[in-house]
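Residues per chain, in single letters:
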Amino acid sequence: MKNTKPILLLLFLGFAGHLHAQKISADKKELIAHLEDQQEEMITLSDSIWAAAEVAFEESTSSELLATYAEANGFKVERGVAGMPTAFVASYGSGKPVIGILGEFDALPGISQKAQPTKAPLHEGAAGHGCGHNLFGTASLGAAVAIKKMIEEGTLKGTIKFYGTPAEEKYFGKIWMVEAGLFDDLDVCMDWHPSASTKADVQSSLALVDFIVEFNGQAAHASSDPWNGRSASDALELYTTGINYYREHIKPTVRIHYHIQDGGQVVNVVPDYSKLWVRVRDTKREG
Ligand SMILES: [Zn+2]
């Protein structure tokens, strides 16, 4: 986002039921009516994305459902942007302001779940939607369509762009979309995430660095020959123990997570290889 200073707004798009008691402007009333008009389609879309539950970069059904809905509502859709088959941009209107809305739709591995409050997989071991990206992409697109209708009716002027952003649970598709300059012409970019409360907020995301640490040792039989082994998993454990002691001495804004990706394969061999995925975050990249 080179020449603009986009404001990242976290916008929770509640339906009108929550809002009847408040004083709302005519524009907002019109917007809410356009959201209400889409309610059935929104629920169907969300349920379909929930059932498809596709993980990072494999969201072909989810992405296509949203892209098709955008086209059916008069948007021009560019699929496969920034080199990602499931990324797309849907645009309508012309001129300024250029309003962007982000929509995510990928699932998480291993948390397949029926639509009920107790744990019950829809498909054992399959992926599922844990934090509501089935709602995220759907409601964002519903908001974009509502804005499009207001541009069409002449209530608003400008351009509305919906960004279908893949792989947000794992690889962050938006990074490639930023690098491809897809957000450069935006005046404002809005985003939301499912939450336990209905509220608007202005909040920045955290800067993030990922790295992989690999340890190499010497394999040996764990029972007959352990004194000749050099355990790569011991090294990994010492490293993660160090990270956890280090937590006391870092700023409260810092986050450190890690995932052991390889700690050896069997119990009776001293492993000669281990692998750790580490992620550090803070409010600013320098942190
Ligand atoms: Zn999420």
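Analysis parameters
Residues numbered from 1 in each chain as written. Predicted model: local features only at pLDDT ≥ 70, side-chain atom pairs only at ≥ 80, totals over all residues. Heavy atoms only, no water. Donors = N, O, S within 2.8 Å, 3.2 Å for Na, K, Ca; no water. Buried < 20%, exposed > 50% of the residue type's maximum accessible area, 1.4 Å probe, protein only. Salt bridge = Lys/Arg side-chain N within 4 Å of Asp/Glu carboxyl O. Helix = DSSP H or I, 4+ residues; strand = E, 2+ residues; numbered from the N terminus. Domains from an automatic or database assignment. Phe/Tyr/Trp six-rings, centres within 6.5 Å; stacked < 30°, edge-to-face > 60°. Lys NZ or Arg CZ within 6 Å of the ring centre and 35° of its normal. Axes fitted to C-alpha atoms, helices over the stretch in contact; angles between N-to-C directions. Parallel < 35°, antiparallel > 145°, perpendicular 65-115°, else oblique. Contact = heavy atoms within 4.5 Å. Nonpolar A, V, L, I, M, F, W, Y, C, P; charged D, E, K, R; others polar. Patch = residues over 30% accessible without salt bridge, like charges linked within 9 Å, V, L, I, M, F, W, Y side chains within 5 Å. Areas by Shrake-Rupley, 256 points an atom, 1.4 Å probe, with all protein chains shown as cover. Lys, Arg positive; Asp, Glu negative; His and termini not counted. Charge placed at Lys NZ, Arg CZ, Asp CG, Glu CD. Polar contact = N/O pair within 3.5 Å; in protein donor to acceptor, adjacent residues only side chain to side chain. Expected span 1.5 Å × (residues − 1). Arc of directions from axis to C-beta. Pairing = 2+ DSSP bridges.

(A) Summary view of the coordination of the zinc ion. With distances of 2.1 to 2.2 Å, the protein atoms coordinating the zinc ion are Cys131 (SG), His133 (NE2) and His193 (NE2). The sequence pattern formed by the donor residues of the zinc ion is C-x1-H-x59-H. The class for histidine 133 is buried, based on a relative accessible area of 3%.

(B) Summary view of the pattern of salt bridges. As enumerated under the stated definition, the model contains 8 salt bridges in all. Across the pair arginine 79 and glutamate 64 runs a salt bridge, and its minimum N-O distance is 2.9 Å. Taken together, the residues span a long stretch of sequence, with arginine 79 in strand S2 (residues 76-79) and glutamate 64 in helix H3 (residues 60-72) at a distance of 15 residues. Look at arginine 79 and you get partly exposed, because its relative accessible area is 36%. Within this structure, Glu64, Glu71 and Arg79 form a network of salt bridges that share partners.

(C) Just unusual backbone geometry, in detail. That bond from lysine 96 to proline 97 is cis: its omega, -5 degrees, falls within 30 degrees of zero. Note that proline 97 resides in the loop between strand S3 (88-93) and strand S4 (98-104). Positive phi outside glycine occurs at alanine 53, with the angle close to 40 degrees. In the Ramachandran plot, alanine 167 falls in the positive-phi region, its phi being about 55 degrees despite a non-glycine side chain. Judged by its relative accessible area of 0%, alanine 167 is buried.

(D) Representation of the domain arrangement of the protein chain in the model. Each assigned domain of the protein chain is listed here: domain 1 (8-202) and domain 2 (207-282). Taken over C-alpha atoms, the centre of domain 1 sits 38 Å from the centre of domain 2.

(E) The arrangement of the packing of aromatic side chains in detail. All chains considered together, the criterion is met by 7 aromatic pairs. With a centroid separation of 6.1 Å and an interplanar angle of 65 degrees, the aromatic rings of phenylalanine 57 and tryptophan 176 are classed as edge-to-face. With phenylalanine 57 in the loop between helix H2 (39-52) and H3 and tryptophan 176 in helix H5 (residues 173-179), this pair connects stretches of sequence that are 119 residues apart. Looking at phenylalanine 57, the relative accessible area reads 33%, which means it is partly exposed. The partly exposed category is assigned to tryptophan 176, whose relative accessible area is 36%. For the pair phenylalanine 215 and tyrosine 239, a centre-to-centre distance of 5.8 Å together with 65 degrees between the ring planes defines the contact as edge-to-face. Here the residue phenylalanine 215 occupies a position in strand S8 (residues 207-216), and tyrosine 239 occupies one in helix H6 (residues 232-246), the gap between them amounting to 24 residues. Members of the aromatic cluster, each reached through a chain of ring pairs, are Phe57, Tyr171 and Trp176. Sitting above the plane of the tyrosine 92 ring, lysine 148 keeps its charged end 5.0 Å from the centroid.

(F) Structural context of the packing of H3 against helix H4 (residues 133-152). At their nearest, the axes of H3 and H4 sit 11 Å apart, and the two run at 10 degrees to each other. When the interaxial angle is binned, H3 and H4 end up roughly parallel. Contact residues: Leu66, Tyr69 and Ala70 in H3; Gly137, Thr138, Leu141 and Val145 in H4. Counted by class, the contact of H3 with H4 contains 5 nonpolar, 2 polar and no charged residues.

(G) Spatial organisation of a negative patch on the surface. Together, Glu36, Asp37, Glu40 and Glu41 line one region of the surface with negative charge. Of all the secondary-structure elements, those providing two or more residues to the negative patch are helix H1 (26-37) and H2. Tracing the backbone through its elements, the reader meets aspartate 37 in helix H1.

(H) Molecular detail of the side chain of threonine 159. Within the secondary structure, threonine 159 sits in strand S5 (residues 159-165). Only 2.7 Å separates the side chain of threonine 159 from the backbone oxygen of glycine 95, close enough to count as a polar contact. When sequence neighbours within four positions are dropped, the list of residues in contact with threonine 159 reads Tyr92, Gly93, Ser94, Gly95, Pro97, Val98, Ile99 and Ile151.

(I) Fine view of H2. An ideal rise of 1.5 Å per residue puts 20 Å on 14 residues; H2 measures up with 20 Å between its terminal C-alpha atoms. Every buried residue belonging to H2 is among Met42, Leu45, Ser46 and Ile49, and all of these are buried. For H2, the angular spread of buried residues about the axis comes to 95 degrees, placing them on one side. Of the residues in H2, the exposed ones pointing more than 90 degrees away from the buried face are Glu40 and Thr44.

(J) Representation of the pairing of S4. For S4, a buried count of 7 out of 7 residues is recorded, marking the element as mostly surrounded by other parts of the structure. Of the two faces of S4, the one carrying Val98, Gly100, Leu102 and Glu104 and the one carrying Ile99, Ile101 and Gly103 are both buried. With 7 bridges connecting them, S4 and S5 associate as parallel partners. Paired with isoleucine 99 across the strands is isoleucine 160, a residue of S5.

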